[in-house]
Amino acid sequence: MVAMTQEQEFQELVDADQRIEPRDWMPEAYRKTLIRQIAQHAHSEIIGMQPEGNWITRAPSLRRKAILMAKVQDEAGHGLYLYSAAETLGVGRDELLDLLHAGRQKYSSIFNYPTVTWADMGAIGWLVDGAAIVNQVPITRCSYGPYARAMVRICKEESFHQRQGFEILHTLSHGTPAQHEMAQDAVNRWWWPSLMMFGPPDDQSPNSAQSMAWKIKRFSNDELRQKFVDMTVPQAEVLGLTLPDPEIRWDEAAGNYAFGDIDWTEFFEVLKGNGPCNAARMEHRVRAHVEGSWVREAATSYAEKTAARVQEGAA
Ligand code: BYC
């Protein structure tokens, strides 16, 4: 019998839907691609706090303000779980943040768009968190254990976020004509960028084939985008809002909703740093990091003193 290589054994485990854990052998390229995706995901969570943080002081009621604060805090928590999952692959959180700040790692394109009215909080919850759920539920079955487990709790929280966004839009849509118009305008602006969140079309997605073979990804970008459209079109009807795409129609033969062409030039421009808010998001992130350095220093110093005291006590 010919002995299997480590790589073949690894692929057998993946094919049998077994989980890969941090101490297991894994191909270097698998580790690298996971670090890339998990880091990008973590960065998206913390950069994603900015567009919504923008409305905390201007929420229309105390109830809305408390809910929005809780949501933004949840995003910080998601970032923490994800940086911790990345750390199990042997990379430090500091290192990942340095790569983000140097523009060498990405975050989701969606957070480079501005939040200009209160209705944007509704559209982000409904569409952006809705897209996030469709993309992330399959990651609960990702082959890498720590990433899959982090995603279970994240998805539960995203589900709450999506409903609160839907509720904001439902209230506005059934309010005064001006409120309805504000809700419609927000949906018009967030619809196409939400479809872009799923990544480039399958024939222009260089990482998909390998990530699917490794079961990091369970569905292709286009498959998930289609699921999102199918889920969202009926919800728009309940909201009494329209989606800004005249080509949306039920395709009987395909058993799903057909939709119009996505402007991929806009997507690739945003990825290159040319979206409406790329510069502002990075500038804000780097400034917050620099201004927060004293907190990290104090926490490190406290941890060192506590550890020294424990050691003294043991001596
Ligand atoms: N934005 O080969 P592909 C949230 C990049 S947080 C920017 O298809 P892959 C939330 C891609 O990285 C939502 N870049 O890549 C938070 C690659 O470039 P590199 C974040 C994108 O990895 C707060 C290149 O394009 N969710 O929901 O197989 C408040 C080619 O793409 C994007 C996640 O991160 C994009 N949209 O598939 C509210 C989910 N799309 O790295 C909500 C986890 C693609 O080779 N990530 N690129 O230089 C994934 O599922 C996958 O990474 C993607 C892309 C489907 C996004």
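Details of the structure are given in the entry above.
Draft legend 1. Representation of the overall build of the protein chain. Scanning the protein chain from N- to C-terminus turns up 13 helices and two strands. Expected size for 315 residues packed as a compact globule is a radius of gyration near 20 Å; at 21 Å, the protein chain falls within 12% of this value. Principal-axis analysis of the C-alpha atoms gives the protein chain an extent of 70 × 60 × 30 Å. A burial count over the protein chain gives 47% of its 315 residues as buried. Of the contacts made within the protein chain by residues no fewer than 6 positions apart, 78% connect residues no fewer than 24 positions apart.

Draft legend 2. Structural context of helix 4 (residues 62-87). With 26 residues, helix 4 should cover 38 Å at 1.5 Å per step; its first-to-last C-alpha distance of 38 Å lies within 8% of that length. Considered for burial, the residues of helix 4 that qualify are Arg64, Leu68, Lys71, Val72, Glu75, Gly77, His78, Gly79, Leu82, Tyr83, Ala85 and Ala86. Against the buried residues of helix 4 lie helix 2 (28-47), helix 3 (49-53), helix 5 (93-101), helix 6 (119-136) and helix 7 (145-173).

Draft legend 3. Representation of the packing of helix 7 against helix 8 (residues 177-196). Put simply, helix 7 and helix 8 touch, their axes get as near as 7 Å, and they point 135° apart. On the basis of their axis angle, the class for helix 7 and helix 8 is oblique. Contact with helix 7, carried on its side by Leu169, Leu172 and Ser173, involves Gln179, His180, Ala183 and Val187 of helix 8 and no other residues of that element. Residues that form the contact of helix 7 with helix 8 fall into these classes: four nonpolar, three polar and no charged.

Draft legend 4. Representation of the site of the ligand in the model. Taken together, the neighbourhood of the ligand is formed by 33 residues, with Gln40, Lys106, Ser109, Ser205 and Lys217 sitting nearest. In this structure, a nitrogen atom belonging to the ligand sits 3.5 Å away from a side-chain N or O atom of Gln37. Lys217 places a polar side-chain atom, nitrogen or oxygen, 2.7 Å from an oxygen atom of the ligand. About the coverage of the ligand: the protein hides 91% of its 1,000 Å² of free accessible area. In this structure the site holding the ligand corresponds to the largest pocket. Elements represented by at least two residues in the shell around the ligand include exactly helix 2, helix 6 and helix 11 (264-274). No other element matches helix 2, which puts six residues into the shell around the ligand. Among the residues making up the shell around the ligand, the classes are represented as 13 nonpolar, 13 polar and seven charged.

Draft legend 5. Examining the environment of Val290 more closely. The residue Val290 is located in helix 12 (residues 278-291) in this model. Judged by relative accessible area, Val290 falls into the exposed class, the value being 55%. Along the backbone, Val290 and Gly92 are 198 residues apart, and their C-alpha atoms lie at a distance of 18 Å.

Draft legend 6. Structural view of unusual backbone geometry. Within the chain, Asp17 stands out as a residue other than glycine whose phi angle is a positive 60°. By the secondary structure assignment, Asp17 is in the loop between helix 1 (6-15) and helix 2.

Draft legend 7. Structural detail: the pattern of salt bridges. Evaluation of the coordinates by the stated rule reveals 16 salt bridges. Taking the shortest distance from any N to any O, the salt bridge between Glu75 and Lys71 comes out at 3.1 Å. Of the two residues, Glu75 and Lys71 both sit in helix 4, four residues apart, roughly one turn of that helix. On the basis of relative accessibility, which here comes to 5%, the residue Glu75 falls in the buried class. Between Glu87 and Arg93 there is a salt bridge; the shortest N-O distance is 3.8 Å. A relative accessible area of 34% places Glu87 in the partly exposed class.

Draft legend 8. Focus on the nonpolar core. Counting residues in each nonpolar core, the largest one holds 76 residues, and the members touching the most others are Tyr30, Ile38, Tyr144 and Tyr147. Broken down by element, the residue count for this core peaks at nine residues, all from helix 6. In this structure, Tyr147 is in contact with Leu34, Gln37, Ile38, His41, Leu82, Ala85, Ile139 and Cys142, ignoring residues within four places of it in sequence.

Draft legend 9. Region of interest: the side chain of Gln226. With respect to the secondary-structure elements, Gln226 resides in helix 10 (residues 221-239). Accessibility expressed as a relative area gives 19% for Gln226, which makes it buried. Not counting residues within four places of it along the chain, the set of residues in contact with Gln226 comprises Asn256, Tyr257 and Phe259.

Calculation criteria
- In this numbering scheme, every chain counts its residues from 1 along its sequence in written order.
- In keeping with the model being predicted, local features are shown solely for residues with a pLDDT of at least 70 and side-chain atom pairs are shown and tallied solely at 80 or more, while totals for entire chains, interfaces and linings include all residues.
- Side-chain measures were taken over the full set of non-hydrogen atoms in the model, leaving aside hydrogen atoms and water.
- Here a helix means four or more residues in a row that DSSP labels H or I, a strand means two or more in a row labelled E, and each is numbered from the N terminus.
- As defined in this context, the radius of gyration uses C-alpha atoms, and a globule is described by 2.2 Å times the residue total to the power 0.38.
- Only protein chains enter the accessibility calculation, which uses a 1.4 Å probe; a residue whose area is less than 20% of its type maximum is buried, one above 50% is exposed, and one in between is partly exposed.
- What makes two residues a contact is simply this: any of their non-hydrogen atoms within 4.5 Å.
- Here, expected helix span is obtained from the residue count minus one, scaled by 1.5 Å.
- A fitted line through C-alpha atoms serves as each axis, taken over the contacting stretch for helices, and the angle formed by two N-to-C directions is quoted from 0 to 180°.
- Note that the term roughly parallel is reserved for angles under 35 degrees, roughly antiparallel for angles over 145, roughly perpendicular for angles of 65 to 115, and oblique for everything else.
- Polarity classes work like this: nonpolar for Ala, Val, Leu, Ile, Met, Phe, Trp, Tyr, Cys and Pro, charged for Asp, Glu, Lys and Arg, and polar for all others, with Gly in that last group.
- We call a residue near a molecule or strand when any one of its heavy atoms sits within 4 Å of it.
- Polar contact is defined as a pair of N or O atoms within 3.5 Å, subject to the rule that within protein one atom must be able to donate a hydrogen and the other to accept it, and that residues adjacent in sequence are counted only when both atoms are side-chain atoms.
- Areas reported as accessible are Shrake-Rupley estimates using a 1.4 Å probe. Residue values count occlusion only from the protein chains shown.
- Both site types are read off a 1 Å grid over the protein atoms alone. A 1.4 Å probe that fits but cannot get out defines a cavity, while an open set with protein on both sides within 12 Å along at least five of seven lines defines a pocket; lining residues have an atom within 4 Å of a point.
- Think of it this way: if more than half of a molecule's atoms are within 2 Å of a pocket's grid points, that molecule is in the pocket or cavity.
- Only one rule defines a salt bridge in this text: a Lys or Arg side-chain nitrogen within 4 Å of an Asp or Glu carboxyl oxygen.
- Among the buried residues, those of types Ala, Val, Leu, Ile, Met, Phe, Trp, Tyr and Cys that are joined through side-chain atoms within 4.5 Å form a nonpolar core.

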